[in-house]
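The chain contents come next:
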Amino acid sequence: MESLEKHREVQDEEIYQSIDELILRTGVEFYIRLSERGELRRELFNSVRRLDILQELIDDNSVTEIMVNGTEGIFIERDGHLMLWDKCFVSKERLEDIAQQIVGSCNRIVNESVPIVDARLNSGARVNIVMPPVALNGPIITIRRFPEQPIQMEQLVRWGAVSREAVDFLEKLVRAGYNIFISGGTGSGKTTFLNALSNFIPKDERIITIEDNAELQLQGVKNLVRLEVRNANAEGEKEITIRDLIRSSLRMRPDRILIGEVRGSETVDLLQALNTGHDGSFSTGHANSPEDMLARLETMVLMGLEIPLTAVRRQIASGIDIMVHLGRLRDKSRKVLQILEILGYDSKSGEVQTQVLYDFEEEGEDACGNIMGTLKKRRELMRRQKLQRAGYQI
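To start, this report covers the structure provided alongside it. (Residues numbered from 1 in each chain as written. Predicted model: local features only at pLDDT ≥ 70, side-chain atom pairs only at ≥ 80, totals over all residues. Heavy atoms only, no water.)

### What about the environment of R334?
Let me state the cut-off plainly: Only DSSP runs of H or I covering at least 4 residues are called helices, and only runs of E covering at least 2 are called strands; the numbering of each starts at the N terminus. Residues are treated as being in contact if the distance between any of their heavy atoms lies within 4.5 Å. Whenever two N or O atoms come within 3.5 Å, that pair is a polar contact, provided that in protein one can donate a hydrogen and the other can accept it, and provided that, for residues adjacent in sequence, both atoms are side-chain atoms.
Within the element layout of this structure, R334 appears in strand β13 (residues 334–346). Along the chain, R334 and S188 lie 146 residues apart, while their C-alpha atoms are 5.7 Å from each other. Beyond its immediate stretch of four places on either side in the chain, R334 contacts E77, A161, G187, S188, G189, G327 and R328. Here the side chain of R334 touches G187 through a polar contact of 2.6 Å, landing on its backbone oxygen.

### Here we look at the sheet that holds strand β8 (residues 207–211)
Stated formally: DSSP-based pairing: two strands are paired if at least 2 bridges between them are found. Orientation is described by lines fitted to C-alpha atoms, with helices fitted over the stretch in contact, and by angles between N-to-C directions that extend from 0 to 180 degrees.
A sheet is described by the order of its strands in space; here nine strands give the open sequence β9-β8-β10-β11-β7-β12-β13-β14-β15, paired in mixed fashion. The open sheet terminates on both sides in strands that have one partner only, identified here as β9 (224–228) and β15 (371–377). Here the average twist between neighbouring strands, direction ignored, is 20 degrees. With two bridges connecting them, strand β10 (residues 256–259) and strand β11 (residues 282–286) associate as parallel partners. The residue bridging L258 from the neighbouring strand is F282, located in β11. Against the sheet, helix α6 (residues 164–176) touches β7 (180–184), β10, β11, β12 (322–328), β13, β14 (351–365) and β15, its axis set at about 155 degrees to β14.

### Remarks on the pattern of salt bridges
Our working definition: A carboxyl oxygen of Asp or Glu within 4 Å of a side-chain nitrogen of Lys or Arg is what we treat as a salt bridge.
Under the defined criterion, the tally for this structure stands at 26 salt bridges. Across the pair R313 and E298 runs a salt bridge, and its minimum N-O distance is 2.9 Å. Of this pair, R313 sits in helix α11 (residues 309–319) while E298 sits in helix α10 (residues 290–304); the two residues are 15 residues apart in sequence, bridging distant segments of the chain. Between R330 and E362 there is a salt bridge; the shortest N-O distance is 2.5 Å.

### With respect to the sheet that holds strand β3 (residues 81–84)
Spatially, the six strands line up as an open sheet ordered β3-β2-β1-β6-β5-β4, and their pairing is antiparallel. Single-partner strands in this sheet number two, and they are β3 and β4 (116–120). Taken over all neighbouring pairs, the strand axes of this sheet differ in orientation by 15 degrees on average, direction set aside. Bridge count between strand β1 (residues 63–69) and strand β2 (residues 74–78): five bridges; the pairing is antiparallel. Paired with M67 across the strands is F75, a residue of β2. Here helix α4 (residues 92–105) sits on the sheet and contacts β1, β4, β5 (126–130) and β6 (140–144); the angle it forms with β4, its principal contact strand, is near 60 degrees.

Right, here's the structure in full:
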């Protein structure tokens, strides 16, 4: 490190050369097996140029989540199961350096005055970092990895996450311009499903994606605009929020707007966009059920605008056409549990009226403990105007 710090710009080849020389000199004094030399070479390069011991996990496609609990341990999720990894950071200072390296690569700031930050890696992985004094046991880094190749709807059908009948139905709705909202709990696969669903959008349309951290991986869309929020600087100024981006996107002539997730007052702007002719738009939100999601949407609208609850519910009922709810079952599998149609606002009851179109019915477990079941059709779609205008028949 001392020799490398003498140069401002160091190429990867020069780093490898310095590492090879170091290993060669050390090998004169201590016996190092050939297999150990290769491992040492890789680990030293990762510690200098990449993310140290985390790089091994980031390069492992079987790892979906990485949880660094300070210097006390690193937990990983593989095949839906959590386990303690056999390596950890030896010092708090080195872990802090890695945290700064991650946030610096995407122009974010994290320190004692701004101890919580969301960021992303160059690979598109989502990162959350919490630093002391908020994190009592040292810097906490949580990394959610996404597949290098986006998961297609055909794969979800093969895995049993959704039925072929439901996919064919949703494809027609997407092409016809229905506004679709995807709900589900943490880790239920909302972003993955949104990615897969977006592949049904006609490729000649202009699409604008808006996200806290750019995660969506739309394929084959030429007229694509990707927008990402910007956190405030060290002085607490120049923040650009999801609300700012939604408002700006309306002046960018979008055919469709895809909002990665709504968590607060930006729901007001989302519903206004859905109610002003931007059909075929998508978004996601955290909730344990579709009913809970509707209640959360109401709450989030009221966080940003003081209007009567009746008006909020009317906006939701007219803006959202379809809700898709995903869940993570006890066998760790992710499935579409319900597809609902928003029928409208009932002035007598004062409620948003819905009906279940598809519902997951559990049929027991196999010998390996995997949950067996089917996403069964319950009712026919009532609001067919958009389908008819697009020339589809159901």
